[in-house]
Amino acid sequence: MKIQTYYNHIRFYKPHHFIYYPVLILFLIASIYLAITTEDHLIWAFISVGFIFLFVLAFMLRQHYALTLQNRIVRLEVRYRYFTLTGKRFEEIEYKLTDDQIFALRFAPDDEFIPLLEDVLKNNLTGDAIKKAIVHWKADYHRV
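Predicted model only: the values in this text are computed from it and were never measured. (Residues numbered from 1 in each chain as written. Predicted model: local features only at pLDDT ≥ 70, side-chain atom pairs only at ≥ 80, totals over all residues. Heavy atoms only, no water.)

> I keep staring at a nonpolar patch on the surface and nothing clicks. Help me out?
Side chains of I10, F12, F18, I19, V23 and F27 sit close together on the surface and give an oily, nonpolar patch of about 640 Å² of accessible area. Along the chain, F12 falls in the segment before α1 (14–37). (Patch = residues over 30% accessible without salt bridge, like charges linked within 9 Å, V, L, I, M, F, W, Y side chains within 5 Å. Areas by Shrake-Rupley, 256 points an atom, 1.4 Å probe, with all protein chains shown as cover. Salt bridge = Lys/Arg side-chain N within 4 Å of Asp/Glu carboxyl O. Helix = DSSP H or I, 4+ residues; strand = E, 2+ residues; numbered from the N terminus.)

Here's what the structure looks like:
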């Protein structure tokens, strides 16, 4: 397995990203072409709208379900790590952080976590800035 870094941490689900979406886009293009070039404009326009609806719905549902669950798990992980490292509850400072900041902190190893968290609270770093500030990336190979 390749070592995970800031530059390669985005993950793709091959059947979904490289089969389902390309086929759906191909069918959408074909239906739009047929709506323009054939005499049955109305039926092909309706089919095109159906493909657009399927595309948007599939994207939204896939993202929504997976990311909602992942966000809950990451929050629990960060809370647990903070408690383990400090003996204090993370909820006491969690309200000061955005979701983006919390989710970026998960990539920090334990020895960088607390100093980085203090820097985030002091300087209000963005999630991207947090990720770039991590010296020894803690990979997350099991995320969606």
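> What am I meant to see in the packing of aromatic side chains here?
The geometry of an aromatic ring pair is captured by the separation of the ring centres together with the interplanar angle, meaning the angle of the planes. Under the defined criterion, the tally for this structure stands at eight aromatic pairs. Following the ring pairs from residue to residue traces out a cluster consisting of Y6, Y7, F107 and W137. (Phe/Tyr/Trp six-rings, centres within 6.5 Å; stacked < 30°, edge-to-face > 60°.)

> Just checking my understanding: could you explain the nonpolar core for this structure?
A general trend in soluble globular proteins is that nonpolar side chains are found buried together. F90, L105, F113 and L117 are the most contacted members of the largest nonpolar core, which totals 21 residues. Mapped onto this core, the elements with two or more residues apiece are α2 (41–86), α4 (99–105) and α5 (110–123). Examining the composition of this core, we find that five residues originate from one element, α5, more than from any other. Those residues in contact with F113 that sit more than four places away from it in its chain are V78, R81, Y82, L85, L105 and A108. (Core = buried A, V, L, I, M, F, W, Y, C linked by side-chain atoms within 4.5 Å. Buried < 20%, exposed > 50% of the residue type's maximum accessible area, 1.4 Å probe, protein only. Contact = heavy atoms within 4.5 Å.)

> When you look at the packing of α1 against α2 in this model, what are you seeing that I'm missing?
Between α1 and α2, the shortest axis-to-axis distance is 7 Å and the interhelical angle comes to 160 degrees. Considering the angle they form, α1 stands roughly antiparallel to α2. In this structure, α1 meets α2 at a crossing whose hand is left-handed. Classifying every residue of the contact of α1 with α2 by side-chain character gives 19 nonpolar, five polar and one charged. (Axes fitted to C-alpha atoms, helices over the stretch in contact; angles between N-to-C directions. Parallel < 35°, antiparallel > 145°, perpendicular 65-115°, else oblique. Left-handed = near helix turned anticlockwise from the far one by under 90°. Nonpolar A, V, L, I, M, F, W, Y, C, P; charged D, E, K, R; others polar.)

> Got a minute to help me understand the packing of α2 against α5 in this structure?
Two packed helices can be described by the angle between their axes and the distance between those axes. One can describe the packing of α2 onto α5 by two numbers: an axis separation of 11 Å at closest approach and a directional angle of 95 degrees. Judged by the angle between their axes, α2 and α5 are roughly perpendicular. Here V78, R81, Y82, L85 and T86 of α2 lie close against α5, whose contacting residues are D110, F113, I114 and L117. Across the contact of α2 with α5, the residue classes break down as six nonpolar, one polar and two charged.

Geometric descriptors of this kind do not, in isolation, establish any biological role.
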